Amino acid sequence: MSCEKGDGDPMEDPLFILESGEVYRNPTEVKMSQIVMPCHANHCGELSVGQLLKWMDSTACLSAERHAGSPCITASVDDIHFEHTIGVGQVVNIKAKVNRAFTSSMEVGITVSCEDLFSSCQWNVCNAFATFVARRTEEGKVQLKQVIPRTQTEQMEYSIAAERRRMRLTHAEIITDLLSSNTAQLGECQEYQGAVSAERTRVESVELVLPPHANHQVSTFGGQIMAWMENVATIAASMEVGVCAEAYQGAGALRHINSAFMTFEVLDKDRKPRTLPRIRPEPVDGKRRYQEAVARKKIRLDRKYIISCKQTEVPLSVPWDISNQMYLSYNNVSALKIMAARSNWMLSSEKNKVSLYTLEENQILCFKVETHVTVPAEQAFHLLSDLRRRHEWDRHYQQCDVIIQADEDDTIYRVATPCVSKGGKGQDFILLASRRKPCDSRDPYLIALRSVTLPTHPATEDYTRGEVLCAGFSIWEESNAVTKISYYNRATPGVLPYISNDIAGLSSSFYSTFHSCNKYLEENRDSQTVLPPSDR
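Structure report, in brief. Everything numeric here is computed off the predicted structure, so don't read it as measured data. (Residues numbered from 1 in each chain as written. Predicted model: local features only at pLDDT ≥ 70, side-chain atom pairs only at ≥ 80, totals over all residues. Heavy atoms only, no water.)

## Details of the nonpolar core
- Judged by nonpolar contacts, the single largest core of 36 residues is most densely connected at M106 and I110.
- Of all elements in the fold, only α1 (49-68), β5 (91-101), β6 (105-116) and β7 (121-134) reach the threshold of two or more residues within this core.
- Ignoring any residue separated from it by four or fewer positions in sequence, one finds M106 in contact with A64, H67, A68, C72, V98, R100, A101, A130, T131, F132 and L144.
- Among the nonpolar cores identified, the runner-up in size contains 35 residues, and V354, V373, A377 and F429 belong to it. (Core = buried A, V, L, I, M, F, W, Y, C linked by side-chain atoms within 4.5 Å. Buried < 20%, exposed > 50% of the residue type's maximum accessible area, 1.4 Å probe, protein only. Helix = DSSP H or I, 4+ residues; strand = E, 2+ residues; numbered from the N terminus. Contact = heavy atoms within 4.5 Å.)

## Some points on a nonpolar patch on the surface
- On the surface, a cluster of nonpolar side chains totalling about 460 Å² of accessible area is made up of I35, M37, L117 and F118.
- Within the fold, F118 resides in the loop between β6 and β7.
- Since its relative accessible area comes to 79%, F118 is described here as exposed. (Patch = residues over 30% accessible without salt bridge, like charges linked within 9 Å, V, L, I, M, F, W, Y side chains within 5 Å. Areas by Shrake-Rupley, 256 points an atom, 1.4 Å probe, with all protein chains shown as cover. Salt bridge = Lys/Arg side-chain N within 4 Å of Asp/Glu carboxyl O.)

## Side note on helix α6 (residues 325-341)
- Between its terminal C-alpha atoms α6 stretches 24 Å, which fits the 24 Å expected from 17 residues at 1.5 Å a residue.
- Burial of α6 is extensive: 15 of the 17 residues sit out of reach of the surface. (Expected span 1.5 Å × (residues − 1).)

## A closer look at the pattern of salt bridges
- Applying the stated criterion across every chain yields a total of 16 salt bridges.
- Of the charged contacts in the structure, one is a salt bridge between R436 and E163, with a shortest N-O distance of 2.8 Å. With R436 in strand β18 (residues 426-436) and E163 in helix α2 (residues 152-181), this residue pair connects regions lying 273 residues apart in the sequence.
- R436 sits in the buried class, given a relative accessible area of 5%.
- In this structure, R390 and D394 form a salt bridge, with 3.1 Å as the shortest nitrogen-oxygen distance.
- Judged by relative accessible area, which is 5%, R390 ranks as buried.
- One connected set of salt bridges, linked through shared partners, spans D78, E107, E157, R164 and R168.

## A few points about the packing of α1 against helix α4 (residues 222-236)
- The contact between α1 and α4 brings their axes to 8 Å, and the two run at 170°. Of the possible angle classes, the one that applies to α1 and α4 is roughly antiparallel. Across from V49, G50, L53, K54 and D57 in α1, the residues of α4 making contact are G222, G223, Q224, M226, A227 and E230.
- Classifying every residue of the contact of α1 with α4 by side-chain character gives four nonpolar, four polar and three charged. (Axes fitted to C-alpha atoms, helices over the stretch in contact; angles between N-to-C directions. Parallel < 35°, antiparallel > 145°, perpendicular 65-115°, else oblique. Nonpolar A, V, L, I, M, F, W, Y, C, P; charged D, E, K, R; others polar.)

## Details of the packing of aromatic side chains
- Tallied over the entire structure, the rule returns seven aromatic pairs.
- For the pair W345 and Y488, a centre-to-centre distance of 5.8 Å together with 55° between the ring planes defines the contact as tilted. Pair noted here: W345 is in the loop between α6 and β13 (346-351) and Y488 is in strand β22 (residues 483-490), with a separation of 143 residues, a long-range link.
- By the ring-pair criterion, three or more aromatic residues cluster together here, those being F367, W393, F473, Y487 and F514.
- For R165, the ring lying beneath its charged end belongs to F102, and the centroid distance is 4.5 Å. (Phe/Tyr/Trp six-rings, centres within 6.5 Å; stacked < 30°, edge-to-face > 60°. Lys NZ or Arg CZ within 6 Å of the ring centre and 35° of its normal.)

Encoded structure:
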């Protein structure tokens, strides 16, 4: 826990001064502050997670309704990792705002922090993303108005929201693929001596919905249901706990409301993690649930390793595995979107409408090359996304071979580049290329590149293995015939030798490279693009 006084980052402040001098406040932002009373605490004297979930859901719902102008309901909540506990007498601050609206659903970002009023200490508790759906009106389905991001942070969250939505939609497929093709990774369901029967951990609770459990829509809301689920899970706690909520009225049939999987850490008297007894799965569905729990654990670890860590905390090259493809792809595209959303790029040089920009952050140099071409955006996207043809315009791409064609969006290439200095060895890169078509007209086409490691392609004596942390193209359609192309790269040690002279102003090779790129695109503007097998 860090003790920080609450001046905060101006990008995160509810009031923000735009470049025009206009004072701006996000119209969907809702803030809630609550002091933790004994009635909010659990048996350990800490704020109940269920109570915190209620407050988070209420705050996020108000933000969603402020944007939609109509009643909204909670559709889902992404994984939440609670970094710290909260004690009685401390103040919980919750901020929620709509990151992006789709058709009838929207993503709401939630930030929870805590402060001690007597020590002026503040610390982060968790960040969450919830999906809300606007309720139908008498006229039918609600068509949500679009979110217009105004600040750099809002632009970044708006852009990445499409990637998070993509992951939500494919989560079930990832679980299915793990269970069907990765038994070796998940392990067999073993019998352990002294294992506790899973049936002994079963807890059931029946709650009568009363007026205190209802929200302003006079119905039980998602946060209250999550609080009930967390209470039952705490009683049953044995590491990962599966919880199912159902409802009925009178003699009516049961209706499934929600399912959740909660992970608990049990502490001993010295507040250190305690080893738990093994679980013996029950017959019939027990083995399936056991394997699914192991699969979810693998996904959580992959997500934490690939997504949750800051860019400076992970190695440049992350091991590739088909089971972590979705998260590597998400991280690859998100890193490019974050770089593209930066607003403090400095123009370094310009020649014949090809511009070179630089940006230094946290002692890392990034650069951007920007140009316009008279080629439709979709055609430029297809031509640039096939790295096998990049040698036709980029002399640094001496050789490029496809190693793995994972699917339509993700391809792994081996790229060989010539030596920069005399007498030295060339470099090679193992690159994951992730393509994205626009989610709608407000998004660009994207081609994101980053290094991965493959046991089948280790470094060799003939080449120095280079690494790319974040690079790629952002392709914007400005009209039917004019496209703006921006190329980004983070200057890692393997990349810096190729562009150092350009940045220092000693060379203009960036101009000749992108002049060749323009010529290549225009010469092939009407050609039929040769797509990989998965695109045909």
